[in-house]
Structure formats: C-alpha cells, structure tokens
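# Chains, contacts and geometry: an overview
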Amino acid sequence: KIGKALKQNLLTIHELGGASSLSYTLNLFKNMLCSYVVLLDDDEEGKKAFEKAEKENLLKIKTITFTTCKGMSEAEFEDCLKPTVYQKRIKEDFGCDLSLIPEFKKNGKWSDRVKTSFKKIGKPWTDTVEKKVKAVVVEELKKQKELEDILISQKQDFLNGLVANIEDMIKEF
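Notes on the structure in this doc start here. As the structure is a computational prediction, the values presented were derived from the model and not from experiment.

### Considering the pattern of salt bridges
For side chains of opposite charge, pairing can occur when their charged atoms come near one another. As enumerated under the stated definition, the model contains 16 salt bridges in all. Among the ionic pairs, arginine 89 bridges to glutamate 139, the shortest N-O distance being 2.7 Å. With a gap of 50 residues between them, arginine 89 in helix 4 (residues 87-94) and glutamate 139 in helix 6 (residues 127-142) connect regions that are remote in the sequence. Given the relative accessible area of 39%, glutamate 139 is considered partly exposed. In this structure, glutamate 140 engages arginine 89 in a salt bridge whose closest nitrogen and oxygen atoms are separated by 2.8 Å. One end of the pair, glutamate 140, is in helix 6; the other, arginine 89, is in helix 4, and 51 residues separate them in sequence.

Here it is, written out as structure tokens:
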C-alpha cells in the first residue's frame, strides 16, 4: 500500500533536517492542506519538538512515532540500523573504522557513539561532519534491497506503529 502510494505521488517523504524545524514544517503542510505522519528520533530534541508541535495543535499522538529501541533511554533512527550497512563507507570516506573502536559498541545514542569514536582517533567532529556522516549512511541505505539487510530485528518494533499510521492516512484518500 505504501509503495503504491509513493509511486502514485499520493505520499512523499520529507526530511526535516533536524527536529527543531518540525513546527515550521507542519505549519506549511497544514496551510497546504496536507495530511502527515511524523517519525522523530527518541531523543531530547525529538521530544521537545513533539511537545512544541502538540501545544501548537499541529500534531496528535496518533500521527507521531518515535524511533524507540529496547533498552535505550534515547534512540535515533541510526541506532536501528545494522552497522555493516555503513561502516565500510565511513572508514573509506572519513578514515574512522567504527568496527574497531570499543566506544562505538557501547550504549548511548548513535550520534554520541560516532562522535566519541571520531574524537578518540583524532578526527574532527562538528555539526557539518555529523551531517556528512549521516548523508553517507543514507546513501548506503539506498543501496540495500531487503529490509532484513538494514534493520536490527530487536530494534524495529516502532516501525509497526509507523506503518499503521501511514496506512491509516492513505485510507483517507
């Protein structure tokens, strides 16, 4: 259903570029009479963005899904991905072999673990570097054919809620 809606341009995916722009973006969608479903990282920034949008009556609990991961107090979408999908490319492009850095395998949200890993081996870490690293991850995801090759099965439960929200929205058309 979702694939068909995407092919028919009834559904699009819009990247926020950071949770802080959520309310602004939802205001635009609301003014354009668009329906929307939102996926946010389950971290401080995502939670703040949700609270703000909810207070502004731009978002309902029904239409929000957080990238929750079992055993993690904060999680990002990247936490749900198999590291083998992107580790080789990060090593090639940035000279940081995450598979060899113990800090990357510890608990904590993905961007914090990558930041710690980069800094441990003397690599710079800025907002720009983080965006470049995340862009590489997205590029590598797009090359994958099967969901099983991408997601860690124990960390993908939130997707069921997201899919259900999207399918409910599609039924309205």
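### Some words on the nonpolar core
Counting residues in each nonpolar core, the largest one holds 32 residues, and the members touching the most others are Tyr86, Ile90, Val114, Phe118 and Val133. Taken together, the elements giving at least two residues each to this core come down to helix 4, helix 5 (110-120), helix 6 and helix 7 (158-171). Those residues within four positions of valine 133 in sequence are excluded, and the remaining contacts are Ile90, Phe94, Trp110, Val114, Phe118 and Trp125. With 13 residues, the next largest nonpolar core counts Tyr36, Phe50, Leu58 and Phe66 among its residues.

### With respect to the environment of glycine 95
Along the polypeptide, glycine 95 turns up in the loop between helix 4 and helix 5. A sequence separation of 29 residues divides glycine 95 from proline 124, and the C-alpha atoms of the two residues are 11 Å apart. Among all residues touching glycine 95, those that are not within four sequence positions of it are Ile90, Ile121 and Lys123.

### Points about the packing of helix 5 against helix 6
Between helix 5 and helix 6, whose axes approach to 11 Å, the crossing angle comes to 115 degrees. Here helix 5 lies roughly perpendicular to helix 6, going by the angle between them. Considering how the two elements wind past one another, helix 5 and helix 6 form a crossing that is right-handed. Note on element contacts: helix 6 touches helix 5 through Val129, Glu130, Val133, Lys134 and Val137, opposite Trp110, Ser111, Val114 and Phe118.

About the criteria used
Residues numbered from 1 in each chain as written. Predicted model: local features only at pLDDT ≥ 70, side-chain atom pairs only at ≥ 80, totals over all residues. Heavy atoms only, no water. Salt bridge = Lys/Arg side-chain N within 4 Å of Asp/Glu carboxyl O. Helix = DSSP H or I, 4+ residues; strand = E, 2+ residues; numbered from the N terminus. Buried < 20%, exposed > 50% of the residue type's maximum accessible area, 1.4 Å probe, protein only. Core = buried A, V, L, I, M, F, W, Y, C linked by side-chain atoms within 4.5 Å. Contact = heavy atoms within 4.5 Å. Axes fitted to C-alpha atoms, helices over the stretch in contact; angles between N-to-C directions. Parallel < 35°, antiparallel > 145°, perpendicular 65-115°, else oblique. Left-handed = near helix turned anticlockwise from the far one by under 90°.

All quantities given are derived from atomic positions and should not be read as evidence of function.
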